[in-house]
Amino acid sequence: MTAAAITIILLAMAASWIIRGLLLRLLRNKHPAEFAALGYPSRRQLDSMLPRYQELHIRFWKYIWGGKAFLVNDKFVSSLAGAALLADVALAVGALALLWAAGK
């Protein structure tokens, strides 16, 4: 059970990283107004855990989880946002499974 939970966590983190990178690239190239509203984040900035990029993280998180990504008239943006949500949920499920297995 622990190995499965760790595998789910690692796969969800990798999927999230790839999907968010694709979403950033798509917004930068095809929807510059949406990209500007996010504060022109780069992939490197969103990968960083430095406190000065915390606002970019929060803006990007709110953009996806708040549903604004689904309001863009682009099916690919909506699909990537949905995939990012699923990856986040998978990460949470993996973390809960790991905590449950550790508490057994």
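Cut-off values and rules
- Residues numbered from 1 in each chain as written.
- Predicted model: local features only at pLDDT ≥ 70, side-chain atom pairs only at ≥ 80, totals over all residues.
- Heavy atoms only, no water.
- Helix = DSSP H or I, 4+ residues; strand = E, 2+ residues; numbered from the N terminus.
- Expected span 1.5 Å × (residues − 1).
- Buried < 20%, exposed > 50% of the residue type's maximum accessible area, 1.4 Å probe, protein only.
- 1 Å grid on protein atoms, 1.4 Å probe; cavity = no way out; pocket = protein on both sides within 12 Å on 5 of 7 lines; lining within 4 Å.
- Points joined across faces, edges and corners; volume = space filled by probe spheres on them.
- Nonpolar A, V, L, I, M, F, W, Y, C, P; charged D, E, K, R; others polar.
- Contact = heavy atoms within 4.5 Å.

**Side note on helix α1 (residues 2–30)**
(1) Moving on: With 29 residues, α1 should reach 42 Å at 1.5 Å per residue; the first-to-last C-alpha distance of 42 Å fits that figure.
(2) Moving on: For α1, every residue scored as buried is listed here: A5, I9, A12, S16, I19, R20, G21, L23, L24, L26 and L27.

**Notes on the layout of surface pockets**
(1) Moving on: The calculated volume of the largest pocket comes to roughly 560 Å³.
(2) Moving on: Around the largest pocket sit 19 residues that line it, and S16, R20, L46, M49 and H57 are the ones nearest its centre.
(3) Moving on: Counting residues per element, the ones that place at least two in the lining of the largest pocket are α1, α3 (43–47), α4 (54–65) and α5 (75–103).
(4) Moving on: It is α1 that provides the largest number of residues to the lining of the largest pocket, a total of seven residues.
(5) Moving on: Broken down by class, the residue content of the lining of the largest pocket amounts to 11 nonpolar, four polar and four charged.

**Focus on the side chain of S16**
(1) Moving on: Relative to the helices and strands, S16 is located in helix α1.
(2) Moving on: Assessed through its relative accessible area of 10%, S16 is described here as buried.
(3) Moving on: The residues contacting S16, other than those within four sequence positions of it, are A87 and D88.

Note that all results are geometric; they support no functional claim without further evidence.
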